[in-house]
Amino acid sequence: MKLFKNGYVWYNSNLKKADFIVEDGKFVKIEEEIVPSDLCETVDLNGKYVYPGMVDPHTHVGIFEECTGWTAGNDVNETSSPSTPGMRAIDAINPMDPGIESARNSGFTTVCVLPGSANVIGGEGVVIKTYGTVVDEMVVPTNKKIIKLAFGWNPVWTWGKQEKAPQTRLAVSALLREKLTSARNYMAKEEKEYDYDMENLSSLLKKEAVARIHVANLEDIETIERVANEFNIDYVLDHATALHTNPDYAKSLNVPVILGPLNVAGKSFQTYDLTFDSVKILHEAGLKISVMTDAPVIPLNLAKIQIWLIDRFRMNRADVLDMFTINPATVLGLEDRIGSIAAGKDADFFVSSGDIFDYRSKVEHTFINGIRVGGEL
Amino acid sequence: MKLLIKNGTVNPVTSPSFMGDVLIEDGKIIGLEQNIICEEAQVLDAAGMNIYPGIIEEHSHIGIHGEKTNQESDNDVNEWSAPVTPECHALEGIKPFDHGFLQALNAGVTTFNVYPGSANPIGGIGITLKNDPTLHFEDKIVLRNSGLKMAMGENPKKVHSSATKTIMTRMGTAQVIRKAFQDAINYRNKKEKEKDSRMEILLKVLDGELTAHVHAHKADDILTIIRIKEEFGFKMCLEHATESHLIADFLAKKDIKLAVGPMFTARYKIEVNNRSLCTPAILEKAGITDFCLITDHPVIPINNLPIEASIAVNNGLSEDLALRSITINPAINLGLDDRIGSLEIGKDGDVVICDRELLDPTHRVMYTIVNGKIVYDMEKEGLIL
């Protein structure tokens, strides 16, 4: 049992002078003043700032490794076929990826690792804590499976240049419909051989999985809505680059939205509508927004730049912090375990020398499950 | 036409900050003190705001790497039909209405330099532009020939080992460069010759009229190009200089300039494995105080240029040098420090006005002013992020 005293702690959407107790990897108590006892080791935080460990709901850390050149550590896209629903990100995650070290040192304690967006059906994602040497021990189990899908330019470009289907957006949705129909047929069969691809697609139809859909342009978002309604599947819009161009429609969809990576120049046609404005517009339209880095697209030690740039809109800073903590935790269905500092939740937090919105601040210590795992010093 | 910026915190960069006013007439700064009175001037109230010289980007591909378009069709960065293309000029590839110009305005970038890419050991000539969207393209040009872009390391090797099969190793890149300059010397020595524009450009580099701006990340690549520079005796600026912190003491003794960055990329390429946010601080400690920071836009967005300076401060760089590295130092590097890079009487009226300090990355650029003309007004145009 450990008592952390005299920190400014971010909880209940406020920064308050508070003390908290951590035991067996969980927060057990947060109060304005907790009197030390002999049972507790006491750590004096000396007025340092304490924030919940940040959560990135969309990364490729571990499967798109940094410092290995372009190919040696790149296992993001299994482009042997445009439909690879049976692939599992966990099978390619290298816990030693320096990108994962960057994550924990910068205060990111939980990340979702997804296959890439080259395939229409990419495979199964997984949520991990950012500390460990055995990936199986880093996994944070989710109630529902996570299945990565992709619409628009990436699958069309990847397969089109090989003169294979999909060559157009028409074939992207046609392929997904065909595969989901096959899964429906598979489910209806009484006698069948176990099929990894069909099992994962069936889990979408049974709502035992959530589709995480890479999408940029508005016409693709509309197609996704159509297909998802036809097959009655749950989905999250990832990137959703153009969604803010029609905020009323965005609201009517009533699905979780993960924006980003935002701190990139608009290099391609797919990112034509890319702007930080999307955060402000969709937030003001009443959507609960999460923000991703797509790491290593933006390495996680530089994620705070997105926080600062969003702050230029002068929104409520509590709402901005939610986009990097409790909102993504909720998208992952893990809001009872991570994403905020509260009794009963995992003791994932970081101690900063100052306010996170102050560029002079440093993450001094990051804790996962109550154990110090890193920091920027 | 006069513009009077009143009651701000003025940071001229090359002299101490003060509370006061800046007066610009016909595009030049003519007043820089407290309580300037000028009845005929347009007045800009900067109370509570911070006033700096316009930011300068020494290394970008704005306009030549077209944005918001299909990747190939508007990308004119690399003419990789041959490894030596000194005759290629960035000017010919720039789309003057490209989105990058607008992003630069919102970032307070008043002058930026555009180079060809790094696929070729000798890639072509760069150009420096003023970022006033109302000017005709020709009138934006500050420096028509801002340097000869060259490249070492992974990029030329990767591109030309497949595209032209002329370079397979770093040894090949070095010899392609040596041979090109030797060809230029041989050309000069020939008594009877037809004019060769490629050779003429290389001779300008050998004569010191044009600086070589050499893409080099790794220490070995940096050392190789310094060796070649000393063999031929040309002026040089290292671009990126990612591993410069590993050989900072050696570089401090050399007569070369440094342009460091982009600091915020993922470490995909092997040659940036040792990229460090501490590089600027380590260079400063080694006594190198004339380096500038660069974004390589669109590699990272141009509005990250002051944020690179902020992050460098967070990792040990002095605030003074951080500001210099995005204003006066890039001006010195481009040989334009008599005109831009600081607020001084007689210099161009290029100003950026922020609501918070420039090094605070949550600042908003409220006004960007080029040649005394307000070219970006946040209240009117909104944030362009």
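J.: Describe in detail the overall build of chain B, supporting the description with residues and values.
T.: Each helix and strand counted, chain B has 12 helices and 16 strands in total. A compact globule built from 385 residues should have a C-alpha radius of gyration of about 21 Å, and chain B, at 21 Å, falls within 12% of that. Each of the three principal axes of chain B carries a C-alpha extent, and together these read 65 × 45 × 40 Å. Here chain B holds 385 residues, and the buried ones make up 57% of them. Looking at chain B alone, contacts between residues at least 24 apart form 69% of all its contacts between residues at least 6 apart.

J.: With reference to specific residues and values, describe the overall build of chain A.
T.: Across its full length, chain A carries 11 helices and 16 strands. With the principal axes as the frame, chain A shows a C-alpha extent of 65 × 45 × 40 Å. Among the 377 residues that make up chain A, the fraction classed as buried is 54%.

J.: Report on the sheet that holds strand S11 (residues 235-239) of chain A, specifying residues and quantitative values.
T.: By definition, the strands of a sheet pair up through backbone hydrogen bonds, in either a parallel or an antiparallel sense. Residues and elements named next belong to chain A. Ordered by their spatial adjacency, 8 strands build an open sheet running S6-S7-S8-S9-S10-S11-S12-S13, and the pairing between neighbours is mixed. In this open sheet, the two edge strands, each paired with only one partner strand, are strand S6 (54-59) and strand S13 (289-291). Across the sheet, the mean angle from the axis of one strand to that of its neighbour is 25°, orientation sign disregarded. Taken together, the 4 bridges between strand S8 (residues 121-129) and strand S9 (residues 145-150) define a ladder with antiparallel strand orientation. Bridge pairing links Ile-121 to Leu-149 in S9.

J.: Tell me about unusual backbone geometry, residues and numbers included.
T.: Going from Ala-165 of chain A to Pro-166 of chain A, the amide bond is cis rather than trans, its omega being 0°. Structurally, the position occupied by Pro-166 of chain A is in the loop between helix H3 (153-160) and helix H4 (169-188). Looking along the chain, the bond that leaves Ala-295 of chain A and enters Pro-296 of chain A is cis, with omega of 10°. Within the secondary structure layout, Pro-296 of chain A lies in the loop between S13 and helix H9 (304-311). Phi at Cys-67 of chain A takes a positive value of approximately 65°, unusual for a residue other than glycine. Here Asn-371 of chain B, not a glycine, exhibits a phi torsion of approximately 50°, which is positive. Within the secondary structure, Asn-371 of chain B sits in the loop between strand S15 (365-370) and strand S16 (373-377). Given 21 C-beta atoms within a 10 Å radius, Asn-371 of chain B is considered buried.

J.: Outline the interface of chain A and chain B, listing residues and values.
T.: Facing the 29 residues of chain A at the interface are 26 residues of chain B. When residues of the side of chain A that touches chain B are assigned to their parent elements, the largest contribution, 4 residues, is made by H9 of chain A. Broken down by class, the residue content of the side of chain A that touches chain B amounts to 17 nonpolar, 5 polar and 7 charged.

J.: Please set out the packing of H4 of chain A against helix H5 (residues 196-205) of chain A residue by residue, giving values where relevant.
T.: How two helices sit against one another is set out by the angle between their axes and by the gap between those axes. Residue and element names in this part refer to chain A. With their axes 9 Å apart at the nearest point, H4 and H5 run at an angle of 90° to one another. Taken together, the axes of H4 and H5 lie roughly perpendicular to each other. Residue-level contacts link Lys-179, Leu-180, Ser-182, Ala-183, Arg-184, Tyr-186 and Met-187 of H4 to Met-198, Leu-201, Ser-202 and Leu-205 of H5. Here the residues of the contact of H4 with H5 are counted per class, giving 7 nonpolar, 2 polar and 2 charged.

J.: Tell me what's going on with the nonpolar core, and back it up with residues and numbers.
T.: Counting 217 residues, the largest nonpolar core has Val-113 and Val-257 of chain A together with Val-22, Leu-238 and Ile-353 of chain B as its most contacted members. For this core, the element with the most residues is helix H9 (residues 305-314) of chain B, which contributes 6 residues. Taken domain by domain, the makeup of this core includes at least three residues from each of domain 1 (1-53 + 342-379) and domain 2 (55-340) of chain B. When neighbours within four sequence positions are excluded, Val-113 of chain A is seen to be in contact with Thr-59, His-60, Val-61, Gly-62, Ile-63, Ala-89, Ile-93, Gly-125, Val-126 and Ile-128 of chain A.

J.: Break down the pairing of strand S8 (residues 122-130) of chain B for me, citing the residues and quoting the values.
T.: Along any regular strand the residues' side chains alternate between the sheet's two faces. All names here are of chain B. Most of S8 is tucked away, with 9 of its 9 residues classed as buried. In this structure, strand S7 (residues 109-114) lies alongside S8, joined through 4 bridges in antiparallel fashion. Each residue of the ladder has a partner; that of Asn-113, found in S8, is Thr-128. Where S8 lies against strand S9 (residues 141-151), 6 bridges are found, and the strand directions are antiparallel. Paired with Thr-128 across the two strands is Leu-143, which belongs to S9.

J.: Quick rundown of the environment of His-58 of chain A? Include the residues and the values.
T.: Residue and element names in this part refer to chain A. The topology assignment puts His-58 in strand S6. When the C-alpha positions of His-58 and Arg-212 are compared, they lie 9.2 Å apart, and in sequence the two are 154 residues distant. Non-local contacts of His-58, meaning those with residues more than four positions away in its chain, are made with Cys-112, Leu-114, Asp-238, Ile-258, Met-292 and Asp-294.

J.: Which residues make up the domain arrangement of chain B, and what are the values?
T.: Residue and element names in this part refer to chain B. In terms of domain boundaries, chain B breaks down into domain 1 (1-53 + 342-379) and domain 2 (55-340). The centre of domain 1, based on its C-alpha atoms, is set 30 Å off from the matching centre of domain 2. On the side of domain 2, 25 residues touch domain 1, which itself brings 19 residues to the contact. Of the residues contributing to the side of domain 1 that touches domain 2, the split by class is 11 nonpolar, 4 polar and 4 charged.

J.: Please give an account of the packing of helix H4 (residues 170-189) of chain B against helix H6 (residues 219-232) of chain B that cites residues and values.
T.: Residue and element names in this part refer to chain B. Running from amino to carboxyl end, H4 crosses H6 at an angle of 20°, the nearest separation of the two axes being 11 Å. Overall, the two elements H4 and H6 adopt an arrangement that is roughly parallel. Crossing angle aside, the handedness with which H4 passes H6 is right-handed. Contacts between H4 and H6 involve Arg-170, Ala-174, Ile-177, Arg-178 and Phe-181 from the first element and Asp-221, Thr-224, Ile-228 and Phe-232 from the second. When grouped by side-chain class, the residues that make up the contact of H4 with H6 number 5 nonpolar, 1 polar and 3 charged.

J.: Mind laying out helix H1 (residues 99-106) of chain B, listing which residues take part and the relevant values?
T.: Residue and element names in this part refer to chain B. When you tally the buried positions in H1, you get 6 out of 8 residues, the bulk of the element. For H1, the set of buried residues is Gly-100, Phe-101, Gln-103, Ala-104, Leu-105 and Asn-106. Where H1 is buried, its residues touch S7, S15 and S16. Gly-108 occupies a position one or two residues after H1 and carries a positive phi of about 80°.

J.: With reference to specific residues and values, describe the pairing of strand S3 (residues 26-31) of chain A.
T.: Residue and element names in this part refer to chain A. Examined bridge by bridge, strand S2 (residues 14-23) and S3 share 5 bridges and lie antiparallel to one another. The partner of Ile-21 across the bridge, within S3, is Lys-29. Taken together, S2 and the strand that follows it, S3, pair antiparallel across an intervening segment of 2 residues, in which Asp-24 is found at a positive phi of about 50°.

J.: Break down the environment of Glu-79 of chain B for me, citing the residues and quoting the values.
T.: Mapped onto the fold, Glu-79 of chain B is located in the loop between strand S6 (55-60) and H1. Along the sequence, Glu-79 of chain B and Ala-119 of chain B sit 40 residues apart, while their C-alpha atoms lie 7.9 Å from each other.

Rules used throughout
Residues numbered from 1 in each chain as written. Chains lettered and ligands numbered in written order. Predicted model: local features only at pLDDT ≥ 70, side-chain atom pairs only at ≥ 80, totals over all residues. Helix = DSSP H or I, 4+ residues; strand = E, 2+ residues; numbered from the N terminus. Rg over C-alpha atoms; globule rule 2.2 N^0.38 Å. Buried ≥ 20, exposed ≤ 12 C-beta atoms within 10 Å, placed from the backbone. Contact = placed C-beta atoms within 7 Å. Pairing = 2+ DSSP bridges. Axes fitted to C-alpha atoms, helices over the stretch in contact; angles between N-to-C directions. Nonpolar A, V, L, I, M, F, W, Y, C, P; charged D, E, K, R; others polar. Parallel < 35°, antiparallel > 145°, perpendicular 65-115°, else oblique. Core = buried A, V, L, I, M, F, W, Y, C linked by C-beta atoms within 7 Å. Domains from an automatic or database assignment. Left-handed = near helix turned anticlockwise from the far one by under 90°.

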